[in-house]
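Listed below are the residues making up each chain.
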Amino acid sequence: YIAGDAFANECSLLPQAEYFDAPFGVALPVDNRIFPDSMNEVFADHGYPIHIAGNDVIHVSGCPDVWAGDLDCETKALVKQVYARDFVLLCKHFGHCDQSENSCIQTVPGMCPSNMAAKRETATHCA
């Protein structure tokens, strides 16, 4: 990504901050860490009769017990480099200001390891 095509893989690696840029930037950020609950709240607040269930969310398969805590410090440093502006936005809009926090989307089935207690114990923590 760093030395290649920023729009590779149908833009799936593109930092979310790109979607906040002018002239058509995001006006209403939605907290992905508590998705779909956060989006359902937006729908309700704006009068839309739509509800997304956790099972409705499509996500990566084939590595069910892998999460951010499994990444080594070198990989986490690259993530912080590529997604630096995303981390700023997460802090600004949602108060997620600890850039070294290991997290996953707990409201979507299969997005977090099934053995979270054990995974938290063995998670990498970098300076």
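Note that the coordinates shown come from a computational prediction; the quantities given were computed from them, not determined experimentally.

What about the environment of Pro109?
In step 1: Residue placement: Pro109 occurs in the loop between α3 (84-94) and α4 (116-122).
In step 2: Between the alpha carbons of Pro109 and Asp56 there is a distance of 9.5 Å; along the sequence they are 53 residues apart.

Some words on the environment of His93
In step 1: Within the secondary structure, His93 sits in helix α3.
In step 2: Assessed through its relative accessible area of 32%, His93 is described here as partly exposed.
In step 3: With 63 residues separating them in the primary sequence, His93 and Val30 have C-alpha atoms 8.8 Å apart.
In step 4: The residues contacting His93, other than those within four sequence positions of it, are Phe20 and Pro29.

A few points about the confidence of the model for the protein
In step 1: Model confidence for the protein is summarised by a mean pLDDT of 93, while 100% of its residues fall at 70 or above.
In step 2: The element-level mean pLDDT for the protein is lowest in α4, coming to 93, with helix α1 (residues 37-45) highest at 98.

Digging into the pattern of salt bridges
In step 1: Applying the stated criterion across every chain, the model contains three salt bridges.
In step 2: One salt bridge in this structure joins Asp21 and Arg85, with 2.4 Å as the shortest N-O distance. In this pair, Asp21 is assigned in the segment before α1 and Arg85 in helix α3, connecting sequence segments 64 residues apart.
In step 3: Assessed through its relative accessible area of 42%, Arg85 is described here as partly exposed.

A few points about the state of the cysteines
In step 1: Counted according to the given criterion, the structure contains three disulfides.
In step 2: Each sulfur in the disulfide pair Cys91 and Cys97 lies 2.0 Å from the other. On the S-S bond that ties Cys91 to Cys97, the torsion sits near 85 degrees, and the link is right-handed.
In step 3: Take Cys91: its relative accessible area is 30%, and that puts it in the partly exposed class.
In step 4: Covalent S-S linkage joins Cys104 and Cys112, the inter-sulfur distance amounting to 1.9 Å. An S-S torsion of about 115 degrees defines the bridge between Cys104 and Cys112 as right-handed.
In step 5: With a relative accessible area of 13%, Cys104 lands in the buried category.
In step 6: In the protein, the bonded cysteines, taken in the order they occur along the sequence, pair up as 1-6, 2-3, 4-5.
In step 7: Free of any disulfide, Cys63 has its nearest neighbouring cysteine sulfur in Cys112, separated by 12 Å.

Focus on the layout of surface pockets
In step 1: Computed from the structure, the largest pocket encloses a volume of approximately 1,900 Å³.
In step 2: Surrounding the largest pocket, 48 residues form its lining, Asn32, Val79, Ser103, Ile105 and Met111 being those nearest its centre.
In step 3: Contributing elements (two or more residues each) for the lining of the largest pocket: α2 (73-82) and α3.
In step 4: Ranked by residue count, the leading element in the lining of the largest pocket is α3, at five residues.
In step 5: For the lining of the largest pocket, the residue count by class is 30 nonpolar, 13 polar and five charged.

Thresholds, definitions, all that
- Residues numbered from 1 in each chain as written.
- Predicted model: local features only at pLDDT ≥ 70, side-chain atom pairs only at ≥ 80, totals over all residues.
- Heavy atoms only, no water.
- Helix = DSSP H or I, 4+ residues; strand = E, 2+ residues; numbered from the N terminus.
- Buried < 20%, exposed > 50% of the residue type's maximum accessible area, 1.4 Å probe, protein only.
- Contact = heavy atoms within 4.5 Å.
- pLDDT = per-residue confidence, 0-100.
- Salt bridge = Lys/Arg side-chain N within 4 Å of Asp/Glu carboxyl O.
- Disulfide = S-S within 2.5 Å.
- 1 Å grid on protein atoms, 1.4 Å probe; cavity = no way out; pocket = protein on both sides within 12 Å on 5 of 7 lines; lining within 4 Å.
- Points joined across faces, edges and corners; volume = space filled by probe spheres on them.
- Nonpolar A, V, L, I, M, F, W, Y, C, P; charged D, E, K, R; others polar.

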